[in-house]
Amino acid sequence: MNRKGWHRIVMLLLCIVIACPSSILLSKEKNIQAATATLDLAATVTASKLNVRTKASRTATQLAVSNTKVSLTKATKVTVLSEKIVNKEKWYYISFKWDGKTKKGYVLSDYIQLTLKKSAAAKVSSTSNIKIRKAAGGTTYLKVSDKTVSLANKTKITVKKEETKKEIKYFQVEFTYSKKKYTGYIEANSVLFTLPETKVERTPIDTGVVTTSNLRVRIGAGTTKDQLVDSAGTKVYLSTGTKVSIFSVTEVSGMFWYEVDFTYGGKTMTGYISGDYVKLDSEKNTTPDPSETDPEKPVEPVEPEEPVVDPVDDPTEVTPSEPLSDEEFEQMLVTQGFPESYKSYLRTLHSQYPHWQFVANHTGLDWNTAVSQESTVGKNLIPNSKNISWKSMEAGAYKWATDTFVVFDGSTWVTASKEITAYYMDPRNFLNPQGVFQFELLSYQDEYQTLSGLNSILSGSPMAGASYNYVDENGVTQTKTYAETFIDAAKYSGVSPYHLASRVKQEVVTSSKTFSSSVTGTVSGYEGLYNYYNIGATHSTAAGGAIANGLKYAQNGTTSAANNALYLIPWTNPYRSIVGGAYVIGATYIKRGQNTIYLEKFNMTATSTYSHQYMANVQAAESESAKTFAAYSSMASVPIVFSIPVFLNMPSSPAAIPADQLSPNNWLKTFAVEGFTITPTFDSSAEQTYGLIVDVNTSSIVVTATAANKKASIYGAGSIPLNVGSNEIVVSVIAENGDKREYRLNVIRMSE
């Protein structure tokens, strides 16, 4: 596309952003556009305590308001806005009042009773046909002409009422079968309500005229789509000067396509035309380029615009300049608002690399709040092999009774402690050459991000100097090195190739010669699929679960066909995975403000703060930073820009790495008396007194006890002589770190 053609598209996109930002690159239905619609079903809570979660999952974070976790009590009134089925469980997205304000979150539908004032439209949601019961919970099924009635997936039904039998929820439904209406019952988890349709008349985002003769009109965006035909079956062409109304823009292979309405043969028709041959009315002073006379002529590829996430104005972007003098540098530190505790580290970096530039990213977030949020159980993980001081012992992260840490990913990844999380969150700990690259702005800089640097990053991995073959979209076999692929990915996505290569090493390289199975293309059920960035590979403790989740994404992508086209879904070869995945990273992280490795790991932006974080490994940002540092062969004159977070109320000194600690576990795993039963039943978590009554002939008992932690010491157990009357026996447990805990047994020896 020539310069004028590109200018025209930019002008239209600006119009769209201002007038109708939701329409960018999204096709609409012919006469309506979807408006936000909700179910708005009145309901009440049936459980005594119902946790509200941020996502439709039992493992999702519990919704919190002002640091208070939200749980709803029985009979609380709620409104069901929408629903989804996850792992065969139905979740409701609800709104409710909390401290006088409306809040929203997800709850299991099992504990919500709908108040259906009238029938509600719905459909069957099941992978197999559903049999209709005659009664809720009954085992007798409805039959018509001696044939058991079953409904297929997506069959339209009407929900009449709700009943619960034996803790299973059923809907009474009305449906049409063999042209007659019937009523019966099906399980609620096999039903999805139908959102009410909201119709809104379309408004064009711009108007214009065709600038060439015989311009083809197609039924969809792209030269592969069939040409539109009129009612007589004749192909439709537009002539010079034809007026069009533009409703959306779609990018396909570097060419922008307009969805337009136009008059043809006295009737209004809708179709798609190449944007290169339309003069926009919003572009009054622009004349058609004389060279643009051949409809749908080949154009040079351009970097496609992001379809969903609007580019974020980046306040940290700085134009490289000559090195600052020491005096100028000091003034810069003041102007940027760096705290005193940052300055000594930055002065050292400036003396070593005078061309580097440092920008303060004032997050506006309180330091202690940010650390607490990032220390939520299951959010940041660490290998179980680390010292106990690095691992969280919070409820849900550690089991005292068994002396085990709860695994959240794979077989070894457990929750990081608040102290180690604070250490890796504190930017001051990494204001050194190896660590500072987690704050590097992640845009592609071709003047200093080179193949040579990439080869340095890829060294020690199976991608070093390696190439692979793949078949491109034209059926031609291509050969690419991995380094060349990352450069292509950077050009396509606008993301630093060093960052992309480091991320792949972090995610899927298992040794100098091997990859994880995410990129072998041989996983059963997902043969021929690759996911080099592990995008969508959400944690799973099931064997291969995270990999399977990632390969599902490689196969299906998002629910948006427009996005999937830009993401090159499906990822059926390494090239599509690396290049398309790079676009996902650029669109879903960098363009939304998470434009450094640090912010991808610890999201301190205003959008989805403390969530939407790429890596669970609390050490990931530091690890990737070190790999990026190693890639720059010469940095003395490279004008790299670093955006460094600054928090409110930070301590005067950087958060320290926690010292090794000994186990504080002083719990008993077992506590018993040989040949007798103590009361109440032993509870390892309770420091309570247990009781036992024996006859006069029992002059002694043997108390047995084992510690939960093997390094804890037990005192007071063994053979214990008994006096007639009351005998108090105290068993003490001394943890490895010296903490003491006592368990008491009161034994009554009866007299004659």
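None of these values were measured; they are calculated from a predicted model. (Residues numbered from 1 in each chain as written. Predicted model: local features only at pLDDT ≥ 70, side-chain atom pairs only at ≥ 80, totals over all residues. Heavy atoms only, no water.)

1. Focus: the side chain of Ser 389
Locating Ser 389 in the fold gives a position in the loop between β27 (381–383) and β28 (398–399). Polar contacts involving the side chain of Ser 389 include one to the main-chain carbonyl oxygen of Ala 659, which spans 3.1 Å. Apart from the residues within four sequence positions on either side, Ser 389 is in contact with Ser 417, Glu 419, Pro 658, Ala 659, Asp 660 and Gln 661. (Helix = DSSP H or I, 4+ residues; strand = E, 2+ residues; numbered from the N terminus. Polar contact = N/O pair within 3.5 Å; in protein donor to acceptor, adjacent residues only side chain to side chain. Contact = heavy atoms within 4.5 Å.)

2. Examining the packing of aromatic side chains
Any two aromatic rings considered together are summarised by their centre-to-centre distance and by the angle between their planes. The tally for this structure, following the rule as stated, stands at 37 aromatic pairs. Between Tyr 177 and Tyr 182, the ring centres sit 6.3 Å apart and the planes meet at 75°, which makes this aromatic pair edge-to-face. There is no split in this pair, since Tyr 177 and Tyr 182 are both buried. Ring geometry for Trp 367 versus Phe 647: centroids 5.3 Å apart, planes at 70°, classification edge-to-face. Taken together, the residues span a long stretch of sequence, with Trp 367 in helix α4 (residues 367–374) and Phe 647 in strand β34 (residues 641–648) at a distance of 280 residues. Residue Phe 647 is classed as buried on the basis of its relative accessible area, which comes to 5%. Aromatic rings pair up to connect Phe 329, Tyr 353, Trp 356, Phe 358, Phe 437, Phe 629 and Phe 642 into one cluster. Across the ring face of Tyr 141, the terminal group of Lys 131 is positioned such that the distance to the ring centre comes to 5.5 Å. Above the plane of the ring of Tyr 589 lies Arg 503, whose end atom (NZ or CZ) is 5.9 Å from the centre. (Phe/Tyr/Trp six-rings, centres within 6.5 Å; stacked < 30°, edge-to-face > 60°. Buried < 20%, exposed > 50% of the residue type's maximum accessible area, 1.4 Å probe, protein only. Lys NZ or Arg CZ within 6 Å of the ring centre and 35° of its normal.)

3. Some words on the packing of helix α7 (residues 482–493) against helix α11 (residues 574–588)
With their axes 8 Å apart at the nearest point, α7 and α11 run at an angle of 30° to one another. The hand of the α7/α11 crossing is right-handed. Listed contacts from α11 to Tyr 482, Thr 485, Phe 486, Asp 488, Ala 489, Tyr 492 and Ser 493 of α7 are Tyr 575, Ile 578, Val 579, Ala 582 and Tyr 583. For the contact of α7 with α11, the residue count by class is nine nonpolar, two polar and one charged. (Axes fitted to C-alpha atoms, helices over the stretch in contact; angles between N-to-C directions. Left-handed = near helix turned anticlockwise from the far one by under 90°. Nonpolar A, V, L, I, M, F, W, Y, C, P; charged D, E, K, R; others polar.)

4. Remarks on the pattern of salt bridges
A complete count under the given rule lists 13 salt bridges for this structure. Across the salt bridge formed by Asp 426 and Arg 428, the nearest N and O atoms sit 2.8 Å from each other. The class of Asp 426 is buried, set by a relative accessible area of 0%. The class of Arg 428 is buried, set by a relative accessible area of 2%. Measuring nitrogen to oxygen at the nearest pair gives 1.9 Å for the salt bridge that ties Glu 600 to Arg 503. Within this pair, whereas Glu 600 is found in helix α12 (residues 597–601), its partner Arg 503 is found in helix α8 (residues 497–508), the two being separated by 97 residues in sequence. Members of the salt-bridge network, linked through shared partners, are Glu 728, Lys 740, Glu 742 and Arg 744. (Salt bridge = Lys/Arg side-chain N within 4 Å of Asp/Glu carboxyl O.)

5. A word on the nonpolar core
In terms of nonpolar packing, the biggest core is built from 52 residues, with Tyr 482, Phe 486 and Tyr 533 touching the most fellow members. Listing elements by their share of this core, those giving two or more residues are α6 (451–458), β32 (467–471), α7, α8, α9 (545–556), α11 and α13 (620–631). For this core, the leading source of residues is α11, giving eight residues. Membership of the second largest hydrophobic core comes to 47 residues, among which are Met 332, Leu 346, Tyr 353 and Val 646. (Core = buried A, V, L, I, M, F, W, Y, C linked by side-chain atoms within 4.5 Å.)

6. Some details on the sheet that holds strand β1 (residues 41–45)
Taken in spatial order, the five strands make up an open sheet running β8-β7-β6-β1-β9, and their pairing is antiparallel. The sheet is open, and its two edges are formed by β8 (101–108) and β9 (112–114), each paired on a single side. Neighbouring strand axes in the sheet, compared pairwise and without regard to direction, differ in orientation by 40° on average. Of the pairings in the sheet, the one linking strand β6 (residues 77–86) to strand β7 (residues 89–98) comprises seven bridges and is antiparallel in character. (Pairing = 2+ DSSP bridges.)

7. Considerations on the packing of α4 against helix α5 (residues 418–425)
The contact between α4 and α5 brings their axes to 9 Å, and the two run at 120°. Between α4 and α5, the crossing angle belongs to the class labelled oblique. The chirality of how α4 crosses α5 is right-handed. Along its contact with α4, which presents Trp 367, Ala 370, Val 371, Ser 372 and Glu 374, the element α5 presents Lys 418, Thr 421, Ala 422 and Met 425. Taken together, the residues of the contact of α4 with α5 sort by class into five nonpolar, two polar and two charged. (Parallel < 35°, antiparallel > 145°, perpendicular 65-115°, else oblique.)

8. What about the confidence of the model for the chain?
Averaged over all residues, the pLDDT of the chain equals 84, while 86% of them reach at least 70. The model gives residues 1–7 a pLDDT under 50, and that stretch makes 19 contacts with residues more than four places away or in other chains. Ignoring residues within four places in sequence, the model shows residues 13–35, a span with pLDDT below 50, making 52 contacts including any to other chains. (pLDDT = per-residue confidence, 0-100.)

9. Observations regarding unusual backbone geometry
The peptide bond linking Ile 569 to Pro 570 adopts the cis configuration, its omega dihedral lying at 0°. Along the chain, Pro 570 turns up in the loop between α10 (561–566) and α11. Of note in this structure, Ser 66 is not a glycine but carries a positive phi near 55°. Among the structural elements, Ser 66 can be located in the loop between β3 (64–65) and β4 (68–69). For Asp 403, which is not a glycine, the phi torsion comes out positive at approximately 55°. Among the structural elements, Asp 403 can be located in the loop between β28 and β29 (404–405). For Asp 403, a relative accessible area of 23% puts it in the partly exposed group.

10. Quick word on α9
Between its first and last C-alpha, α9 extends 17 Å over 12 residues, near the 16 Å set by a 1.5 Å rise per residue. Next to the buried residues of α9 lie β30 (407–409) and α11. Residue Gly 557 follows α9 closely and has a positive phi angle near 65°. (Expected span 1.5 Å × (residues − 1).)

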